[in-house]
Amino acid sequence: MHKFIERQFTELIKEQKATIYSICLMFADDRTEVDDLVQEALINLWQGFENFQGRSSLKTWVYKVTLNSCISYDRKRKHSNMVSIEVVEPSLLEGADKTNDADQWKLLHKRIQKLGPFDRAIVLLWLEDLSYEEIATIVGISIKNVSVRLVRIRQQLMRMKDEDSETIYNTK
Amino acid sequence: MTNTEFQEMREQLITLKKELEKKTEVHEQVLHKLITNDTISFKKKEISSLILVASVALFLPLMLYFLVHLSPAFCLSTALFFIFALCWEIVIIRKYHIFHLMEGSLVQTAKNLRGYQRVNRFWLNRISPVFIIIWFTWYVMEYLGVMGITDTMLIICTVIILAIGGLIGGLIGYFKFYKPQMQKADEILNYIQELESEE
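This structure is a prediction, so every number in the text was calculated from the model and none was measured.

1. Some points on the nonpolar core
And then number 1: One finds Phe9(A), Leu45(A), Phe118(A) and Val139(A) to be the most contacted residues of the largest nonpolar core, which totals 69 residues.
And then number 2: For this core, the element with the highest residue contribution is helix H1 (residues 2-27) of chain A, accounting for 12 residues.
And then number 3: Residues Ala85(B), Trp123(B), Ile127(B) and Phe131(B) belong to the second largest nonpolar core, which totals five residues.

2. Side note on the interface of chain B and chain A
For interface size, the figure often reported is the accessible area lost on association.
And then number 1: Contacts between chain B and chain A engage 53 residues on the former and 74 residues on the latter.
And then number 2: For the chain B and chain A pair, buried surface summed over both sides reaches about 6,200 Å², with 62% attributable to carbon and sulfur atoms.
And then number 3: The partner of Glu128(A) in a salt bridge is Lys17(B), with the nearest N and O atoms 2.6 Å apart.
And then number 4: Along the contact surface separating chain B from chain A lie 13 residue pairs in polar contact (both at pLDDT 80 or more).
And then number 5: Of all the secondary-structure elements, those providing two or more residues to the side of chain B that touches chain A are helix H1 (3-23), helix H2 (28-66), helix H4 (98-101), helix H5 (106-147) and helix H6 (152-197) of chain B.

3. Side note on helix H5 (residues 117-127) of chain A
Residues and elements named next belong to chain A.
And then number 1: Buried residues dominate H5, accounting for 11 of its 11 residues.
And then number 2: Of all the positions in H5, only Pro117, Phe118, Asp119, Arg120, Ala121, Ile122, Val123, Leu124, Leu125, Trp126 and Leu127 are classed as buried.
And then number 3: Immediately downstream of H5, the backbone of Asp129 shows phi near 70 degrees, a positive value.

4. Thoughts on the side chain of Arg10(B)
And then number 1: With respect to the helices and strands, Arg10(B) occurs in helix H1.
And then number 2: Excluding residues that lie within four positions of it along the chain, Arg10(B) makes contacts with Trp126(A), Leu127(A) and Asp129(A).

5. Thoughts on the packing of H1(A) against H5(A)
All names here are of chain A.
And then number 1: The interhelical angle for the contact between H1 and H5, taken along N-to-C directions, is 145 degrees, at an axis separation of 11 Å. Both H1 and H5 take part in a crossing whose hand is right-handed. Every residue of H5 that contacts H1 at Ile23, Met26 and Phe27 is listed here: Pro117, Arg120, Ala121 and Leu124.
And then number 2: Classifying every residue of the contact of H1 with H5 by side-chain character gives six nonpolar, no polar and one charged.

The rules we used
- Residues numbered from 1 in each chain as written.
- Chains lettered and ligands numbered in written order.
- Predicted model: local features only at pLDDT ≥ 70, side-chain atom pairs only at ≥ 80, totals over all residues.
- Heavy atoms only, no water.
- Core = buried A, V, L, I, M, F, W, Y, C linked by side-chain atoms within 4.5 Å.
- Buried < 20%, exposed > 50% of the residue type's maximum accessible area, 1.4 Å probe, protein only.
- Helix = DSSP H or I, 4+ residues; strand = E, 2+ residues; numbered from the N terminus.
- Contact = heavy atoms within 4.5 Å.
- Buried area = accessible area lost by both parts, 1.4 Å probe.
- Salt bridge = Lys/Arg side-chain N within 4 Å of Asp/Glu carboxyl O.
- Polar contact = N/O pair within 3.5 Å; in protein donor to acceptor, adjacent residues only side chain to side chain.
- Axes fitted to C-alpha atoms, helices over the stretch in contact; angles between N-to-C directions.
- Left-handed = near helix turned anticlockwise from the far one by under 90°.
- Nonpolar A, V, L, I, M, F, W, Y, C, P; charged D, E, K, R; others polar.

Okay, here's the thing in structure tokens:
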């Protein structure tokens, strides 16, 4: 029975790995922290998997647990290096082959990183194309509040974009 | 930022996820090792901390009674405090089991974690200092009585040295572990308050 649950869990992780990894990436300061956050999220997902009663969709549940793991992550608690989820490329954000994409991801990471933890979660969920209702359920606020927050986040991102443009202009 | 730019951000995330899909691998064995290791280590940690407190609650009063020959009232009070600490720990572990907290909404989870930290803060700020001061004073009096020490200077020096040691230990614990944890908790709470003020 345990083996069966573990197999189901592995399948789920295989399906959702890009979502889990991208969320952790946006909450991490560096590469080591990405691994730590992914491990933390996987452990929490596993702990809750057996008791998951389908009150929400599996996808929503994965978002909830992963985001909660990232927000409440204790940066002093490092996992052992013994177990790490392998990424073929050492640093995806600094990829050399697709310079343009890598630069865009770096910029996206930089801007999202500047937001507060809940705003970061809201914008990530919105970028993942979740409905306002789903975002509201995951974050635990009203639908109206989600739309208000998103307007504010847009304004913040706009300011960041202006600052970035100014920096580029000044360096030129 | 225009809608097109936001759409671009969304597309960037999609390409990033596609890249992650290709470049990350989930090795079944590694995953198996990770989940079993951590589950065991969490349970081990939980059980070992309970065994430690239970052993101290049992052996320390016996040791104080039979080896140091302190009064039964003092030994019994020490045992009672440790039993209280043990019950407290069990209740807290059950109430705020971390893995159950992760499944609520982000705001609810952050609030629960805040509650957990508040309970810890209450224990550290209110219960522990009161107990330590009473216990330490009582212990010194009992010990001096048993040893028959009457030299006032020696008594004062011993008390001062022990108090300074305790103070240094307390300050290190406060600044190194307690304060950073509380700062993070307060930061999260501020975000929640900001979110809720708009409800």
